[in-house]
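Given next are the chains, with one letter for each unit.
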Amino acid sequence: MKGLSFLVLFFLIISTQEVNAQEKVANAIDIFDAALEKANHENKLVFIMFEASWCGWCKRMDKSMKVDSVKDYFSRNFVVAHMVVHESQKNKNLENPGALEMLEKYGGAQSGIPNWLIFNSKGELLADSRMPKDTYVLKGEGNNLGCPASKEEVAGFLYKLKHTTDLTAAELEEIRAVFRLNDPTNK
């Protein structure tokens, strides 16, 4: 009887592992649609962040947006959704199907991560994480701001937030202070 109990337990463990292994990560369309629906319901914008498990700057961006002094500014204005791209070969299973194609569609596939996009609740692109050199514009070709840290990157990020949200000058200043802490030179 002990042998039978062991076999039953063994097969339960194996079948549980197979079910877990078969769990699929959400695809980009489902993530985007859910974010749009929530944004529409809550009268917010959608902030899509493309990231990877190995990306330290991605983690820093997410952490900076959740700092106590500024997290309410982001949660008041955005439904934040994450999509995984550019994973190492051993972690390809973490990538959201269709996320890389979405990143390519908006011109960010070759510009590194984190990469982010801001949409209105209708799915119209309002801003992206690119900034032309020495210019703070709503949309444009250029370097990826990623997780803004330098004075210029943070200024570009704040410009985009200012032109897509109702954040006050004081709130933007608090965001600036948080993101400037990411700059190791902090000049």
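Worth saying up front: this structure is predicted, and the values here are computed from it rather than measured.

A.B. asks: Sorry if this is basic, but what is going on with the packing of aromatic side chains here?
C.D. replies: Two descriptors summarise a pair of aromatic rings, namely the distance from one centre to the other and the angle between the planes of the rings. Per the stated rule, a full pass over the model turns up nine aromatic pairs. Judged by centre distance (6.4 Å) and plane angle (65°), the rings of F74 and F179 are edge-to-face. Here F179 lies in helix α7 (residues 169-180) and F74 lies in helix α4 (residues 71-77), a separation of 105 residues in the sequence. Each member of the pair, F74 as well as F179, carries the same accessibility label: buried. Through a chain of ring-to-ring contacts, the aromatic side chains of F47, F74, F78, W116, F157 and F179 assemble into a single cluster. One cation-aromatic arrangement involves R60 over W57; the distance from NZ or CZ to the ring centre is 4.3 Å.

A.B. asks: Explain the pairing of strand β2 (residues 78-84) here, please?
C.D. replies: Consecutive residues of a regular strand have side chains that alternate between opposite faces of the sheet. Of all seven residues that make up β2, five are buried, and the element is covered over most of its length. Two strands pair when backbone bridges link them, and strand β1 (residues 45-51) and β2 are joined in this way by seven bridges, in the parallel orientation. Looking at the pairing, L45 lines up with F78 of β2.

A.B. asks: What should I look at first to understand unusual backbone geometry in this one?
C.D. replies: Backbone phi values are negative for most residues with the exception of glycine, while trans is the configuration of most peptide bonds. The residue after I113, namely P114, is reached through a cis peptide bond having omega 0°. Here P114 is to be found in the loop between α5 (99-105) and β3 (115-119). The backbone of N43 shows a phi angle near 55°, a positive value even though the residue is not glycine. Tracing the chain through its elements places N43 in the loop between α2 (28-42) and β1. With a phi close to 55°, H86 is a non-glycine residue in the positive phi region. Mapping H86 onto the fold places it in the loop between β2 and α5. By relative accessible area, which is 29% here, H86 ends up partly exposed.

A.B. asks: What am I meant to see in the environment of L145 here?
C.D. replies: Mapped onto the elements, L145 comes out in the loop between β6 (143-144) and α6 (151-164). Judged by its relative accessible area of 3%, L145 falls in the buried class. Residues L145 and F157 lie twelve residues apart in sequence; the distance between their C-alpha atoms is 7.3 Å. Leaving out residues up to four positions away in the same chain, L145 has contacts with W116, S129, M131, E153, G156, F157 and K160.

Criteria and thresholds
- Counting restarts for each chain, with residues numbered from 1 along the sequence as it is written.
- For this predicted model, a pLDDT threshold of at least 70 governs which residues receive local features, and a threshold of 80 or more governs which side-chain atom pairs are given and counted, while totals over whole chains, interfaces and linings are taken from all residues.
- With hydrogens and water excluded, all non-hydrogen atoms of the structure serve as input to the side-chain values.
- Each aromatic pair joins two rings of Phe, Tyr and Trp (for Trp, the six-membered one) with centres within 6.5 Å, and gets the label stacked for planes under 30 degrees apart, edge-to-face for over 60, and tilted for any other angle.
- Helical segments are the DSSP runs of H or I of at least four residues, strand segments are the runs of E of at least two, and each set is numbered from the N terminus.
- Partly exposed residues are those whose accessible area sits between 20% and 50% of the maximum for their type, while under 20% is buried and over 50% is exposed, using a 1.4 Å probe and protein chains only.
- When the NZ atom of lysine or the CZ atom of arginine is within 6 Å of a ring's centre and also within 35 degrees of its normal, the charge is said to sit over that ring.
- For two strands to be treated as a pair, DSSP must find at least two bridges joining them.
- Any pair of residues with heavy atoms lying within 4.5 Å of one another is described as a contacting pair.

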